[in-house]
Amino acid sequence: MVRLRAGAGWGQGMAGAQSEVLTPADLVELIAAVAKGDETAFDRLYAPTRAKLYGVVLRILRRTDLADEVMQDAYLRIWRSAGEFDPGRATPITWMVAIARNRALDVVRKKGEASLEEEPQAAETPSEEPTPLARHEMTDQLRRLLACLGDLEEERRRLVLLAYYSGWSREQLAEKFETPVNTVKTWLRRSLLQIRECLGS
């Protein structure tokens, strides 16, 4: 059985160790090895990706205790479903982020936890654009979420996806949309209120 470290370590390197710098091709090979039950490959996959996943999860949940639980569950799901990964449909990090993000959204739905604006930003490199989710794995809740996203103005929808799916910081969004950071926060807050109202209807 795989063993994971929880708590503050999700967003940091292991004490006394540095994560490998892995290419997408390296991650594909590691996921293939994980699918065969290789725990060493899982450790190598986990170390350089956990900060990225934790940043996405924490932005959604805003509570470290819930984020820790989601991270445990997400990596167990990655371990169990590695054989289902298809590099022709998504990059490794996109696939892993989707698993963690979907689990965090499930928690939001079940516990009514708010995501959002005041959590400190985790250090991470954003994707250039949001990548489509793996549609064949969509839950009914996720379909509803995407339908609600579709009700947003195009610019607001893109802003939300870049912030909460691709992990862009408020400062990066402000630069991209040529808008003050406080305005970006207001747009995000209003967009998320609209999404929540839509999901609750």
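My aim in this report is to walk through the structure given alongside it, one point at a time. (Residues numbered from 1 in each chain as written. Predicted model: local features only at pLDDT ≥ 70, side-chain atom pairs only at ≥ 80, totals over all residues. Heavy atoms only, no water.)

1. What to know about the overall build of the chain
Step number 1: Scanning the chain for helices and strands turns up eight helices and zero strands.
Step number 2: When the 201 residues of the chain are sorted by exposure, 46% land in the buried category.
Step number 3: Expressed as a percentage of contacts within the chain between residues at least 6 apart in sequence, the contacts between residues at least 24 apart total 74%.
Step number 4: Carbon and sulfur atoms provide 49% of the accessible area of the chain, an area that totals close to 10700 Å². (Helix = DSSP H or I, 4+ residues; strand = E, 2+ residues; numbered from the N terminus. Buried < 20%, exposed > 50% of the residue type's maximum accessible area, 1.4 Å probe, protein only. Contact = heavy atoms within 4.5 Å. Areas by Shrake-Rupley, 256 points an atom, 1.4 Å probe, with all protein chains shown as cover.)

2. Examining the pattern of salt bridges
Step number 1: By the definition in use, this model includes four salt bridges.
Step number 2: Of the charged contacts in the structure, one is a salt bridge between Asp65 and Arg63, with a shortest N-O distance of 2.6 Å.
Step number 3: Judged by relative accessible area, which is 37%, Asp65 ranks as partly exposed.
Step number 4: Here Asp73 ties to Arg77 by a salt bridge, and the two come within 3.2 Å at their closest N and O atoms. With Asp73 and Arg77 both in helix 3 (residues 64-81) and four residues apart, the pair spans about one turn of that helix.
Step number 5: Using a relative accessible area of 18% as the deciding quantity, one classes Asp73 as buried.
Step number 6: Overlapping salt bridges bring together Asp73, Arg77 and Arg103 as one network. (Salt bridge = Lys/Arg side-chain N within 4 Å of Asp/Glu carboxyl O.)

3. Description of the packing of helix 1 (residues 24-35) against helix 2 (residues 39-61)
Step number 1: Between helix 1 and helix 2, the least distance of the axes is 8 Å, while the angle of their chain directions is 135°. Taken together, the axes of helix 1 and helix 2 lie oblique to each other. Considering the relative orientation of helix 1 and helix 2, their crossing is left-handed. Judged by residue contacts, Leu27, Leu30, Ile31, Ala33 and Val34 of helix 1 engage Ala41, Phe42, Arg44, Leu45 and Thr49 from helix 2.
Step number 2: Looking at the contact of helix 1 with helix 2 residue by residue, the classes come out as eight nonpolar, one polar and one charged. (Axes fitted to C-alpha atoms, helices over the stretch in contact; angles between N-to-C directions. Parallel < 35°, antiparallel > 145°, perpendicular 65-115°, else oblique. Left-handed = near helix turned anticlockwise from the far one by under 90°. Nonpolar A, V, L, I, M, F, W, Y, C, P; charged D, E, K, R; others polar.)

4. Things to note about the environment of Val184
Step number 1: With respect to the helices and strands, the residue Val184 is situated in helix 8 (residues 181-200).
Step number 2: Residue classification places Val184 among the buried positions, given a relative accessible area of 0%.
Step number 3: A sequence separation of 13 residues divides Val184 from Glu171, and the C-alpha atoms of the two residues are 8.6 Å apart.
Step number 4: When sequence neighbours within four positions are dropped, the list of residues in contact with Val184 reads Leu159, Arg170, Leu173, Ala174 and Thr179.

5. Points about helix 1
Step number 1: Its 12 residues give helix 1 an end-to-end C-alpha distance of 17 Å, which sits within 8% of 16 Å, the value for a rise of 1.5 Å per residue.
Step number 2: Those residues of helix 1 that sit buried are Leu27, Leu30, Ile31, Ala33 and Val34. Down the axis of helix 1, the smallest arc covering the buried residues is 160°, so these residues share one side.
Step number 3: Where helix 1 terminates, the next one or two residues include Gly37, which has phi positive at roughly 90°. (Expected span 1.5 Å × (residues − 1). Arc of directions from axis to C-beta.)

6. Re the packing of helix 7 (residues 170-177) against helix 8
Step number 1: Look at helix 7 against helix 8: their axes get within 9 Å of each other, and the N-to-C directions meet at 100°. With respect to their mutual orientation, helix 7 and helix 8 come out roughly perpendicular. Here Arg170, Glu171, Leu173 and Ala174 of helix 7 lie close against helix 8, whose contacting residues are Val181, Val184, Lys185 and Leu188.
Step number 2: Grouping the amino acids of the contact of helix 7 with helix 8 by side-chain chemistry returns five nonpolar, no polar and three charged.

7. Remarks on the side chain of Ser191
Step number 1: Structurally, Ser191 is set in helix 8.
Step number 2: What makes Ser191 buried here is its relative accessible area of 3%.
Step number 3: If we ignore the near neighbours within four places in the chain, the residues touching Ser191 are Leu152, Arg156 and Val160.

8. Side note on the environment of Gly37
Step number 1: With respect to the helices and strands, the residue Gly37 is situated in the loop between helix 1 and helix 2.
Step number 2: On the basis of relative accessible area, Gly37 is assigned to the partly exposed category, the value being 39%.
Step number 3: With 43 residues separating them in the primary sequence, Gly37 and Arg80 have C-alpha atoms 8.9 Å apart.

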